[in-house]
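Chain residues, written in single-letter form:
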Amino acid sequence: MREQVYNEQAYQRSVECAESVRGRTSPNPAVGAVVVRDGTVIGWGATQPPGGPHAERQALLHAGPAARGADLYVTLEPCTFHGRTPPCTDAISAAGIARVFFVMRDPDPRMGGGAEDALRASGIACRQISPADERVRLQLAPFFLRIQQHRPLVTWKYAMSLDGKIATHTGMSQWISTRDSRSVVHAIRNTVDAVMTGSGTVLADDPLLTVRIADHVTLRQPLRVVIDSRGQCPPSAKVFCQQHAATLVFCTNDAPAIWQQALTRHGVQVICQPMSGRVDLRAATAQLSDMGINHVLLEAGAGLAGACADAQLIDEIHCFIAPGVIGNQHAPSPLAGHGIEQLHEWRAFRFVEQFVHGGDMHIHAVHHRIDALFQHNQQGVSTCLPAS
């Protein structure tokens with residue numbers, strides 16, 4: 001079979017479009033699309049918030065009548081079913097697109113035979129581009145994980161000293177990281193659906209857990225999620241102030257009813273698990289998934305972070321390492337929990353990239369289970385080469 005030729009510039013532009021809407025499309029994935037005619041990009045778009053048009057329709061609308069006979073590039077296979085919006089394959093056929101290049105196959109079980117079968121009936125060639133780069137995988141991983149495992153992707157963020165401490169033995173932790181690193185954290189918050197913390201962090205630091213980026217026109221506040229099994233956080237805590245962002249609390253029957261009622265009066269949504277002891281994190285993340293949340297940022301102390309690790313819920317890590325040492329055996333480290341017993345179990349992550357921010361080292365790593373999400377997605381893909 002003759003090798004299929006695609007436009008590398010158009011592909012890269014579609015990835016950039018998807019990046020511009022990360023954290024704003026759930027429960028839909030962040031997808032970008034580009035229309036190309038004679039090697040020139042004539043239309044582009046990205047998936048809009050729920051109920052709004054998908055990336056393909058945005059790009060086709062931007063291109064207008066010039067889309068007839070053109071090529072369409074999209075980071076995820078066009079949908080074939082009617083959800084909140086009509087199938088994108090219908091819009092592609094109606095626009096008269098000649099060829100479609102997509103990066104990842106959509107894992108949604110409603111896809112049926114897929115876009116290739118749906119578009120072939122209209123005489124439209126449809127090919128999957130291989131291989132996908134790291135950016136596309138990270139853009140789509142939260143959606144893929146929710147569809148395949150019924151839970152959001154959990155990204156753990158923490159800052160520590162060179163000797164692996166997140167605070168002094170007296171409990172002082174602000175600030176281990178630099179202002180530049182904290183700005184990066186706000187940028188990360190701006191790309192997720194929810195920020196999760198525990199009662200220990202609320203009691204120790206009284207954080208606001210909002211996105212604070214000056215003059216950022218696309219700023220959006222994620223849902224704040226607090227795990228407070230026994231109802232220990234005061235209702236006056238900053239994280240419960242609904243003026244800044246919405247807040248959801250998971251607790252158990254050990255949390256006093258009067259405390260739950262006080263939070264509810266503040267406008268906080270309280271989900272009380274009918275049990276005693278600790279909140280079931282697996283059940284909590286499943287409930288977040290049911291709410292359409294694809295991506296959660298974990299900003300918590302060693303206790304909750306360790307519990308998430310024990311529950312196999314940490315999928316991605318952003319670690320900020322400050323160039324100093326704290327010392328003392330009683331100073332806390334980032335992770336508690338039960339931990340592992342054998343070292344052969346520990347190499348579960350791979351490094352993605354690293355940066356330096358104001359003197360801090362920023363290490364980004366992902367769990368191998370994220371790679372497994374895409375293991376079969378591009379098998380058997382016909383070769384596609386960039387146009388020379």
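Our structure's up above, just so we're on the same page.
Within the chain, the regular secondary structure consists of 11 helices and 16 strands. Here the C-alpha atoms of the chain give a radius of gyration of 23 Å, agreeing with the 21 Å that 2.2 N^0.38 yields for 388 residues. Across its three principal axes, the chain shows a C-alpha extent of roughly 65 × 45 × 45 Å. Across the 388 residues of the chain, 52% fall into the buried class.

What follows deals with the packing of helix α2 (residues 55–63) against helix α3 (residues 88–95). Remark: α2 packs on α3, axes separated minimally by 9 Å, with the N-to-C direction vectors making an angle of 20 degrees. On the basis of the axis angle, α2 is roughly parallel to α3. Crossing geometry of α2 relative to α3 is assigned as left-handed. Contact with α2, carried on its side by Glu56, Arg57 and Leu60, involves Cys88, Ala91, Ile92 and Ala95 of α3 and no other residues of that element. Of the residues contributing to the contact of α2 with α3, the split by class is 5 nonpolar, no polar and 2 charged.

Right, let's talk about the nonpolar core for a bit. In terms of nonpolar packing, the biggest core is built from 45 residues, with Val35, Ile97, Val100 and Met104 touching the most fellow members. For this core, the element with the most residues is helix α5 (residues 134–149), which contributes 6 residues. Among the nonpolar cores identified, the runner-up in size contains 31 residues, and Val296, Ala305, Ile317 and Ile321 belong to it.

This next bit is on the packing of aromatic side chains. Using the criterion set out here, one finds 4 aromatic pairs in the structure. A ring pair is formed by Tyr73 and Phe101, whose centres lie 4.8 Å apart and whose planes are at 15 degrees; its orientation type is stacked. Of this pair, Tyr73 sits in strand β4 (residues 71–76) while Phe101 sits in strand β5 (residues 99–104), placing them 28 residues apart in sequence. Classification of Phe101 by relative accessible area gives buried; the value is 1%. Both rings, one in Phe144 and one in Phe374, keep their centres 4.8 Å apart while their planes meet at 45 degrees; by these two values the pair is tilted. A residue pair is termed long-range when its members are at least 10 positions apart, and Phe144 in helix α5 and Phe374 in the loop between α11 (368–373) and β16 (384–386) qualify at 230 residues. Relative accessible area serves as the criterion here: at 4%, Phe374 is assigned to the buried category. Above the face of the Trp44 ring, Arg13 is positioned so that its terminal group lies 4.3 Å from the ring centre. Cation over ring: Arg182 sits above Trp175, and NZ or CZ is 4.4 Å from the ring centre.

Next up on the list: the sheet that holds strand β14 (residues 349–357). Across the sheet, which stays open at both edges, the 9 strands sit in the order β11-β10-β9-β8-β12-β7-β13-β15-β14 with mixed pairing between neighbours. At either end of the open sheet lies a strand with only one pairing partner, and these are β11 (269–273) and β14. This sheet shows a mean twist of 20 degrees between the axes of neighbouring strands, independent of strand direction. Sheet analysis places strand β7 (residues 153–161) next to strand β12 (residues 295–298), joined by 4 bridges and oriented parallel. What sits directly across from Thr155, in β12, is Leu297. Lying over the sheet, helix α6 (residues 179–189) contacts β7, β8 (194–198), β12, β13 (316–322), β14 and β15 (360–367), oriented at roughly 165 degrees with respect to β13.

Two elements in contact, helix α1 (residues 8–19) and α5, have axes separated by 10 Å at closest approach and are oriented at 35 degrees. The way α1 lies across α5 gives a crossing that is left-handed. Each of Tyr11, Gln12, Val15, Glu16, Ala18 and Glu19 in α1 lies in contact with α5, whose residues at this interface are Arg135, Val136 and Gln139.

This part is about the sheet that holds strand β3 (residues 40–46). Strand order in this open sheet of 5 strands is β3-β2-β4-β5-β6, and the pairing throughout is mixed. Two strands close off the open sheet at either side, each with one partner strand: β3 and β6 (125–128). If you compare each strand with its neighbour and ignore which way they point, the axes differ by 20 degrees on average. In terms of strand pairing, strand β2 (residues 32–37) meets β3 through 6 bridges, oriented antiparallel. Bridged to Val34 within β3 is Trp44.

This brings us to the environment of Ile92. Within the element layout of this structure, Ile92 appears in helix α3. Overall, the relative accessible area of 0% leaves Ile92 in the buried class. For the pair formed by Ile92 and Val325, sequence separation is 233 residues and the distance between their alpha carbons is 58 Å. Contacts of Ile92, omitting those with residues within four sequence positions, involve Glu56, Leu60, Leu72, Pro78, Ile97, Val100, Leu119 and Ile124.

Rules used in this analysis
- Residue positions within a chain follow its written sequence, with the count starting from 1.
- Side-chain atom pairs in this predicted model are given and counted only at pLDDT of 80 or more, local residue features only at pLDDT of at least 70, and totals for whole chains, interfaces and linings cover all residues.
- Side-chain measures were taken over the full set of non-hydrogen atoms in the model, leaving aside hydrogen atoms and water.
- Only DSSP runs of H or I with at least four residues qualify as helices, and only runs of E with at least two residues qualify as strands; both kinds are numbered from the N terminus onward.
- It is over C-alpha atoms that the radius of gyration is taken, and the globule rule equals 2.2 Å times the number of residues to the power 0.38.
- Burial classes follow relative accessibility: with a 1.4 Å probe on protein chains only, a residue under 20% of its type's maximum area counts as buried, one over 50% as exposed, and anything between as partly exposed.
- Angular values range over 0 to 180 degrees, each being the angle between N-to-C directions of two axes fitted as lines to C-alpha atoms, with helices fitted over their stretch in contact.
- Geometric relationships in this document are graded by angle, where less than 35 degrees denotes roughly parallel, more than 145 denotes roughly antiparallel, 65 to 115 denotes roughly perpendicular, and other angles denote oblique.
- We call a crossing left-handed when the near helix sits turned anticlockwise from the far one by less than a right angle, and right-handed when that turn is clockwise.
- The contact definition used throughout considers only heavy atoms, calling two residues in contact when any of these lie within 4.5 Å.
- Classes in brief: Ala, Val, Leu, Ile, Met, Phe, Trp, Tyr, Cys and Pro nonpolar; Asp, Glu, Lys and Arg charged; the others, Gly included, polar.
- By nonpolar core we mean a set of buried residues, namely Ala, Val, Leu, Ile, Met, Phe, Trp, Tyr and Cys, connected to one another through side-chain atoms within 4.5 Å.
- Between 30 and 60 degrees the pair is tilted, below 30 it is stacked and above 60 it is edge-to-face, where a pair is any two Phe, Tyr or Trp rings, Trp via its six-membered ring, whose centres lie within 6.5 Å.
- Only Lys NZ and Arg CZ are tested; either one counts as a charge over a ring when it is within 6 Å of the ring centre and within 35 degrees of the ring normal.
- Here, a strand pair is defined by DSSP locating no fewer than two bridges between the strands.

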